[in-house]
Amino acid sequence: MRPVRGKVLIVLLMAALAAAGCRRQANRQITIGLSLDTLREERWQRDRDLFVKRCGELGARVLVQAANNDEAVQSSQAENLLTQGVDVLVVAPHNSETAATIVEAAHRAHVPVIAYDRLIRSSDVDLYLSFDNERVGELQAEYAVKRAPKGRYVVIGGSPADNNAILYHQGQMKVLKPYVDRREIEIVTDQYAADWQPVQALKILENALTRQGNRVDAVVAANDGLAGGAIQALDEQRLAGKVVVTGQDAELTACQRIVAGAQSMTVYKPIRGLATKAAEIAVAMAKKQPYEKPPRRLNNGFKDVPSFLVEPIAVDRSNLDSTVIADGFHTREQVYGAGK
Ligand code: BGC
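Just so it is clear, the structure is predicted and the values come from calculations on it, not from any experiment. (Residues numbered from 1 in each chain as written. Predicted model: local features only at pLDDT ≥ 70, side-chain atom pairs only at ≥ 80, totals over all residues. Heavy atoms only, no water.)

Visitor: So what exactly am I meant to see when it comes to the overall build of the protein chain here?
Guide: Assigned secondary structure in the protein chain consists of twelve helices and 13 strands. Here the protein chain, with 340 residues, has 52% of them falling under the buried criterion. Surface exposure of the protein chain reaches about 15700 Å², of which carbon and sulfur atoms provide 52%. Distance from the positive charge centre (43 side chains) to the negative charge centre (40 side chains) of the protein chain: 6 Å. (Helix = DSSP H or I, 4+ residues; strand = E, 2+ residues; numbered from the N terminus. Buried < 20%, exposed > 50% of the residue type's maximum accessible area, 1.4 Å probe, protein only. Areas by Shrake-Rupley, 256 points an atom, 1.4 Å probe, with all protein chains shown as cover. Lys, Arg positive; Asp, Glu negative; His and termini not counted. Charge placed at Lys NZ, Arg CZ, Asp CG, Glu CD.)

Visitor: Sorry, what's going on with the site of the ligand here?
Guide: Around the ligand, the surrounding shell holds 13 residues, and the nearest of these are Asp117, Arg118, Asp162, Tyr168 and Asp249. Between the ligand and the protein, one listed contact pairs an oxygen atom with a side-chain N or O atom of Asp249 at 2.6 Å. Considering the ligand on its own, with 320 Å² of exposed area, one finds that the protein chains cover 100% of that surface. Spatially, the ligand is embedded in the largest cavity. Looking at the shell around the ligand, the elements with two or more residues in it are α2 (42–57) and α6 (163–181). The residue inventory of the shell around the ligand, partitioned by class, reads three nonpolar, three polar and seven charged. Shared between two domains, the shell around the ligand takes at least three residues from each, and those domains are domain 1 (24–125 + 270–310) and domain 2 (133–269 + 314–336). (Near = heavy atom within 4 Å. Polar contact = N/O pair within 3.5 Å; in protein donor to acceptor, adjacent residues only side chain to side chain. 1 Å grid on protein atoms, 1.4 Å probe; cavity = no way out; pocket = protein on both sides within 12 Å on 5 of 7 lines; lining within 4 Å. Sits in = over half its atoms within 2 Å of the grid points. Nonpolar A, V, L, I, M, F, W, Y, C, P; charged D, E, K, R; others polar. Domains from an automatic or database assignment.)

Visitor: Please clarify how the sheet that holds strand β7 (residues 185–192) should be interpreted in this entry.
Guide: Taken in spatial order, the four strands of this open sheet run β7-β6-β8-β9, and their pairing is parallel. The open sheet terminates on both sides in strands that have one partner only, identified here as β7 and β9 (244–245). Two elements, strand β8 (residues 218–221) and β9, share two bridges in a ladder whose sense is parallel. Looking at the pairing, Val219 lines up with Val245 of β9. Running at roughly 145° to β7, helix α7 (residues 198–211) makes contact with β6 (151–157), β7 and β8 of the sheet. (Pairing = 2+ DSSP bridges. Contact = heavy atoms within 4.5 Å. Axes fitted to C-alpha atoms, helices over the stretch in contact; angles between N-to-C directions.)

Visitor: Can you walk me through the layout of surface pockets in this structure?
Guide: Sizing a probe to match a water molecule and rolling it over the atoms shows the empty space that remains. Quantified by volume, the second largest pocket comes out at close to 150 Å³. Looking at the second largest pocket, it is lined by 13 residues, and the ones nearest its centre are Asp132, Glu134, Leu167, Leu298 and Leu309. Put simply, the parts of the chain that give the lining of the second largest pocket at least two residues each are β5 (127–131), α5 (133–147), α6 and β11 (296–299). Ranked by the residues each element gives to the lining of the second largest pocket, the list is headed by β11, at three residues. When the residues that make up the lining of the second largest pocket are grouped by side-chain class, the tally is six nonpolar, three polar and four charged. For the lining of the second largest pocket, the two domains that each supply at least three residues are domain 1 (24–125 + 270–310) and domain 2 (133–269 + 314–336). (Points joined across faces, edges and corners; volume = space filled by probe spheres on them.)

Visitor: Explain the pairing of β8 here, please?
Guide: Look at any regular strand and the pattern is simple: side chains alternate between the two faces of the sheet. Side-chain alternation along β8 places Ala218 and Val220 on one buried face and Val219 and Ala221 on a second face that is also buried. Taking the sense of rotation as the criterion, the β-α-β connection linking β8, helix α8 (residues 224–236) and β9 turns out right-handed. (Right-handed = clockwise from strand over helix to strand, strands pointing away.)

Visitor: Just checking my understanding: could you explain helix α10 (residues 271–286) for this structure?
Guide: Since the α-helix turns once every 3.6 residues, residues separated by three or four places project in the same direction. Helix length check: α10 (16 residues) gives 22 Å between terminal C-alpha atoms against 22 Å at 1.5 Å per residue, within 8%. Of all 16 residues in α10, twelve are buried; the element is thus mostly enclosed. Those residues of α10 that fall on the buried side of the exposure criterion are Ile271, Leu274, Ala275, Thr276, Ala278, Ala279, Ile281, Ala282, Val283, Ala284, Met285 and Ala286. Residues of α10 that are buried sit in contact with β1 (31–36), α2, β3 (88–92), β4 (113–116), β5 and β12 (304–310). Once α10 finishes, Lys288 follows within two positions and takes phi at roughly 55°, a positive value. (Expected span 1.5 Å × (residues − 1).)

Visitor: Sorry if this is basic, but what is going on with the domain arrangement of the protein chain here?
Guide: Much of the literature gives interface size as the accessible area that the parts lose upon coming together. When its domains are assigned, the protein chain resolves into domain 1 (24–125 + 270–310) and domain 2 (133–269 + 314–336). For domain 1 versus domain 2, the distance between C-alpha centres works out to 29 Å. Contact residues are listed per partner, giving 15 residues for domain 1 and 19 residues for domain 2. A buried area of about 1500 Å², summed over both sides, lies between domain 1 and domain 2, and 43% of it is on carbon and sulfur atoms. Counting the surface domain 1 buries against domain 2, the share from its top three residues, Glu42, Arg46 and Pro270, is 31%. Counting the contacts that link domain 1 with domain 2 gives nine residue pairs in polar contact (both at pLDDT 80 or more). (Buried area = accessible area lost by both parts, 1.4 Å probe.)

Visitor: Hey, could you run me through empty space enclosed by the protein in this one?
Guide: The full count for this structure, using the stated rule, is two cavities of 30 Å³ or more. Of the voids in this model, the largest cavity is the one considered here, and its volume is about 100 Å³. Lining the largest cavity are 13 residues, with Trp44, Arg118, Trp196, Asn223 and Asp249 positioned closest to its centre. The residue inventory of the lining of the largest cavity, partitioned by class, reads three nonpolar, three polar and seven charged. Residue assignment places the lining of the largest cavity across two domains, with domain 1 (24–125 + 270–310) and domain 2 (133–269 + 314–336) each supplying three or more.

Visitor: What am I meant to see in the sheet that holds β3 here?
Guide: Picture the strands of a sheet paired through backbone hydrogen bonds; they go either parallel or antiparallel. Taking strand neighbours across the sheet as the criterion, the seven strands line up as β2-β1-β3-β4-β5-β12-β11 in an open arrangement whose pairing is mixed. Pairing within the sheet leaves two strands with one partner each, and these edge strands are β2 (61–66) and β11. The average undirected angle you get between the axes of adjacent strands in this sheet is 25°. Taken together, the four bridges between β5 and β12 define a ladder with parallel strand orientation.

This is the structure in structure tokens:
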């Protein structure tokens, strides 16, 4: 082979290799990491399924990890997702403060992080998608004061490590404070339930009922799981249906309790829109493509985080059909039983 022809061949070969490399890069399947705190509440399974489905439709695969309500487990699962080379990490943190280390680890690996449903505080998190959580708390308390404008209140909050639980409480207190100031409402118990455990709500309410000689008029429970625990305590005293009980998530059992009259209301959060948008943005981020501009900014103690906040909806017996059921969140048969 003459030297010139040899050089040409080498150049051609290198060009072909480079082109193949580029093609591989362009065709490389996008991988999104989804790190969830828990799958205990039924909503998170829905979040996961909708998120994975939308990513799949967009040609991306999702690696899902759920941490069983344990922040150390979540942190190591996130590390593991990064090691597996995810392009974007989507996190619903167990602990809204300490999850900042997950953001740091991701950023060291040049992986952007989306805080999903729960904000990650004191961190350089790239985006936040959730519902208007303070509004959730307001809706719960507004409903309670409408039904029980005077009397003794028990407030049962969620996990104190979850930023949402703090926001729900803030929203609730904004509504309740004027009533408390006018001495129309007395908050006899105001406690957070560790890890959002229904059994904690059961114990909190059992104690409150004992101390108050069963004279409690409303239980402002932060979600349906806690409402379930509270209603169990009321049931033991034959008080279920006689005390106002709030909730959140429109879980199937909660909707059934609303129909039966044991739970007064829930807050319905249309998960489909949130999970779908999160998936679309995660994939766009991974491809370094533009995506819908976040309309709000929320301070997380470190910066104003670009945020999407979806409106929650208060649901009771009167609008179950036109919200939860009309949306296909649950079917009529599931909520009312077969034959209805
Ligand atoms: C979510 C609620 C959920 C709770 C317990 C909150 O951060 O916003 O929908 O019920 O966590 O998992």
